[in-house]
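Breakdown of the fold
Here are the chains, one letter per residue:
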Amino acid sequence: MTTPAFTLLPLGGCGEFGANATLLFAGDVETGPAVLIDAGARFAGPELPGVDLILPDLDFVAALGERLLGCVLTHGHEDHIAALPYLLRRRRVPIFAPDYCLRQLRARLDGFGLTPVEQTPLRPGEVAELGPFELEPIAISHSIPEAVAIALRVNRALALFSGDFRIEADPIWGWATDTARLSRLGDEGVALLFADSTGADVAGDNPGERSVRAPLREVIETAPARVIVTT
């Protein structure tokens, strides 16, 4: 049997909101080194009283031992990073993430009483090496600063993880989605596209975040009493 260039093993986030975590192995699951793309949690709803967080199978991830070379984070939302402290309690691995995400993560690790692990910032245009994996971050617009997609090359094959994204030409904060770089990667040849965008299967254009500025101003300026804005 021919050994594959890579093997993908989703642990959460497929067909659901939250708990985003995907293992990518160089070669096969039994012997290949692995990298974890995102390590998020899912918040439990009223159907699970007393449950705060739903985590991917971190025991399986930690059991990879030295074969788990690191964790790559696309951005700092809870559904992409909240499970990481629970993993680091079991297995300390290097972290690759955008600067803003790393700053969020440091505060979270302090809150868990965890000492820092090796952290490498991911910046668009700069390629990072992790064992047999080559990581290229691509600028992505999202509702949090410094989100990235990850172009991951291994064994001469290219896998592309979009992370959460918007096609936002004029974002309020942060960089716009680098559609030109994504297009060139498509021309290069992508063996696997792992794409994640809420509502991507709904026809039509997505209005930019600036479109809510005028309605918000009107609501607040004409409100008869106190207005509380929360995020």
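Structure report, in brief. Quick caveat, the model's predicted, so the values are computed rather than measured. (Residues numbered from 1 in each chain as written. Predicted model: local features only at pLDDT ≥ 70, side-chain atom pairs only at ≥ 80, totals over all residues. Heavy atoms only, no water.)

Some words on the sheet that holds strand β2 (residues 21–26)
To keep it simple, the criterion reads: What makes two strands pair is DSSP finding at least two bridges between them. Segments assigned H or I by DSSP are reported as helices when at least four residues long, segments assigned E as strands when at least two residues long, and all are numbered from the N terminus. Working convention: axes come from line fits to C-alpha atoms, limited for helices to the stretch in contact. Angles between N-to-C directions cover 0 to 180 degrees. What makes two residues a contact is simply this: any of their non-hydrogen atoms within 4.5 Å.
Pairing is mixed in the open sheet, where six strands are placed in the order β1-β2-β3-β6-β7-β8. Two strands in the sheet have a free side with no partner beyond their single neighbour: β1 (6–12) and β8 (119–121). Neighbour-to-neighbour, the strand axes of this sheet turn through a mean angle of 20°, independent of strand direction. Across four bridges, β2 lies against strand β3 (residues 34–37) in antiparallel orientation. Within β3, the position partnered with Leu24 by the bridge is Val35. On the sheet, helix α4 (residues 99–111) packs against β7 (95–97) and β8 and is oriented at approximately 155° with respect to β8.

Examining the sheet that holds strand β9 (residues 128–130)
On the basis of which strands lie adjacent, the open sheet formed by five strands has the order β9-β10-β11-β12-β13 and mixed pairing. Two strands close off the open sheet at either side, each with one partner strand: β9 and β13 (192–196). Strand-to-strand twist across the sheet, computed as the mean angle between neighbouring axes with direction ignored, equals 20°. Looking at chain direction, strand β12 (residues 157–164) and β13 are connected through four bridges and run parallel. Bridged to Ala159 within β13 is Leu192. Together, β10 (133–140), β11 (147–154) and β12 form the strand contacts of helix α5 (residues 179–188), whose direction differs from that of β10 by roughly 140°.

As for the packing of aromatic side chains
To be explicit about the condition: Only centres within 6.5 Å qualify two rings of Phe, Tyr or Trp (six-membered ring in Trp) as a pair; their planes then separate them into stacked at under 30 degrees, edge-to-face at over 60, and tilted for everything else. Only protein chains enter the accessibility calculation, which uses a 1.4 Å probe. A residue is then buried if its area is under 20% of the maximum for its type, exposed if over 50%, and partly exposed in between.
The tally for this structure, following the rule as stated, stands at two aromatic pairs. On the numbers, 5.2 Å between centres and 80° between planes, the contact of Tyr86 with Phe112 is edge-to-face. With a gap of 26 residues between them, Tyr86 in helix α3 (residues 84–90) and Phe112 in the loop between α4 and β8 connect regions that are remote in the sequence. What makes Phe112 partly exposed here is its relative accessible area of 26%. With a centroid separation of 5.6 Å and 50° between ring planes, the pair formed by Phe161 and Phe194 is classed as tilted. Of this pair, Phe161 sits in strand β12 while Phe194 sits in strand β13, placing them 33 residues apart in sequence.

Here we look at the pairing of β3
Here β3 shows no split at all, with Ala34 and Leu36 on one side and Val35 and Ile37 on the other all buried. Looking at chain direction, β3 and strand β6 (residues 68–72) are connected through four bridges and run parallel. Across the sheet, Ala34 pairs through a bridge with Leu68, a residue of β6.

Considering unusual backbone geometry
Phi is positive for Ala19, close to 55°, though the residue is something other than glycine. Among the structural elements, Ala19 can be located in the loop between β1 and β2. For Ala19, a relative accessible area of 5% gives the class buried. Positive phi, normally seen in glycine, also occurs at Asp38, with a value near 65°. Topologically, Asp38 is positioned in the loop between β3 and β4 (42–43).

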